[in-house]
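Residues per chain, in single letters:
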Amino acid sequence: MPDRVLFVAALHHPEELQADIRDSGDAAPLFPSSMGQHFWERAMRAAGYAVDVFWRNLPGYGRRDPAKLRGDVFREGLTPGKIAAGLMRRLPAQLNPDYRRRNQLLLEAARRFEPGIIWLSGDNREILPQTLYQLKREHGCKIIYVSGVSPIVFSHANERDAARLYDLVLVNDYYHGVQWLEMGAKRAECLPYVAIDPDFHYPQPKTDAPGDYFCDIGFVGTLVPHTLYSERVAALTSLRDFDLGVWSMHEVPEALRAFQRGSALGREMLRVLSSVKISLNAHGDFMRYGGNMRLFETAAVGSFQIVDDRPGVREWFEVGEHLVTYSDLQDLRAKVQYYLAHDDERERIAAAGRAHVLENHRYDQRLEKVEALLSEL
């Protein structure tokens with residue numbers, strides 16, 4: 001069912017997008033390869049969809065140039081910038097003149113593109129419910145809302161007030177979907193909406209990887225604020241006496257700063273995961289069901305991963321066959337020691353995990369499921 005999809009999203013890694021555009025030749029991507037939407041875009045294009053994007057985090061006035069954006073870096077503690085941003089967020093979005101201008105620009109972009117589907121990414125501070133209502137009225141389009149985080153913890157008033165306008169909510173964590181249904185969304189599905197693209201997510205050669213990419217245990221991801229990632233930080237902290245490497249584009253807690261080896265986005269993230277012996281994948285505190293991006297990406301590059309035990313992990317993978325889970329920190333340490341001493345078992349499980357996601361968890365398969373869900377609406 002090829003259609004016209006307008007992504008309404010925030011650009012998080014603008015520098016990565018500019019690099020990907022330079023490397024792409026004629027087929028310039030809308031999204032950087034460090035964002036999951038990049039792979040939905042690829043799957044949709046391959047299936048015959050027309051796609052475009054409206055960057056809602058570009059200013060409403062002046063030059064709306066993604067190249068002028070700079071990626072956010074999260075840090076603990078208060079800063080003047082955080083205080084100013086917090087005060088601005090207390091102002092209702094309807095009273096923010098710049099937001100109102102962005103909403104008008106979105107309506108104008110939609111009139112030019114004529115979307116059949118609005119793909120609205122989560123953490124929406126800017127686009128107003130009345131704008132979404134007007135889009136549905138003018139174009140008869142479906143609104144798909146996509147989020148990887150808990151609406152109880154992260155959502156904004158705009159998102160909650162618009163919940164009844166969402167025709168379909170796609171989540172990674174099943175429990176998040178239940179919460180959106182309680183807020184009034186018509187339908188919510190836990191696919192999960194993240195997956196792998198075989199043309200991008202594959203084992204990277206180790207021969208040209210930098211020396212600091214090699215370690216016994218590696219982690220790539222976010223570790224602050226502590227209130228959202230305390231379990232992840234505790235897991236890594238319990239392993240400080242091992243050969244541990246941490247990669248994050250954001251601030252790292254003091255207890256782990258000695259282990260930080262830089263940041264890793266896009267292809268560099270795959271190179272790190274391909275180089276470490278064990279990839280630790282501890283979900284954020286707000287994902288009680290599980291299903292983060294790293295769960296599938298790590299398997300796709302043939303890396304052995306140890307994951308905190310979540311219901312979704314057991315739904316999508318065979319524990320002990322495709323990956324290994326841990327129940328507490330003592331269990332984590334014991335399994336790290338065991339699998340570091342058993343290379344053959346570790347490599348067998350990693351290979352099986354890769355074969356499993358290649359067969360069952362590709363973005364083209366996720367798109368087919370979304371098409372089936374839309375046909376039922």
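To be clear, the structure that these remarks concern was listed above.
What this report covers is the structure whose coordinates are included nearby. In this text, all values refer to a predicted model and were calculated from it rather than measured experimentally.

Before going further, it helps to spend a moment on helix α15 (residues 363-376). In a regular helix each residue adds 1.5 Å, so 14 residues correspond to 20 Å; α15 covers 20 Å between its end C-alpha atoms and thus fits that length. Along α15, the positions that sit buried rather than exposed are Y363, Q365, R366, L367, V370, E371, L373 and L374.

Time to look at the pairing of strand β9 (residues 278-281). Going residue by residue along β9, you find I278 and L280 tucked away on one face and S279 and N281 tucked away on the opposite face as well. Relative to β9, strand β7 (residues 217-220) runs parallel, the two being bridged by 2 bridges. Paired with I217 across the two strands is I278, which belongs to β9. Looking at chain direction, β9 and strand β10 (residues 305-308) are connected through 3 bridges and run parallel. Within β10, the position partnered with N281 by the bridge is V307. Crossover handedness for the path β9 to helix α11 (residues 293-300) to β10: right-handed.

Applying the stated criterion across every chain yields a total of 21 aromatic pairs. Pairing W40 with W119 gives two aromatic rings, centres 4.9 Å apart and planes at 50°, and the pair type is tilted. Taken together, the residues W40 in helix α2 (residues 37-46) and W119 in strand β3 (residues 117-121) connect sequence positions 79 residues apart. In terms of burial, W40 and W119 fall into one category: buried. A connected cluster of aromatic rings, assembled from ring pairs, spans F7, F31, F39, W40, W55, W119, F200 and Y363. Against the face of F113 rests R4, its NZ or CZ located 4.3 Å from the ring centre.

What counts and what doesn't
- Residues numbered from 1 in each chain as written.
- Predicted model: local features only at pLDDT ≥ 70, side-chain atom pairs only at ≥ 80, totals over all residues.
- Heavy atoms only, no water.
- Helix = DSSP H or I, 4+ residues; strand = E, 2+ residues; numbered from the N terminus.
- Expected span 1.5 Å × (residues − 1).
- Buried < 20%, exposed > 50% of the residue type's maximum accessible area, 1.4 Å probe, protein only.
- Pairing = 2+ DSSP bridges.
- Right-handed = clockwise from strand over helix to strand, strands pointing away.
- Phe/Tyr/Trp six-rings, centres within 6.5 Å; stacked < 30°, edge-to-face > 60°.
- Lys NZ or Arg CZ within 6 Å of the ring centre and 35° of its normal.

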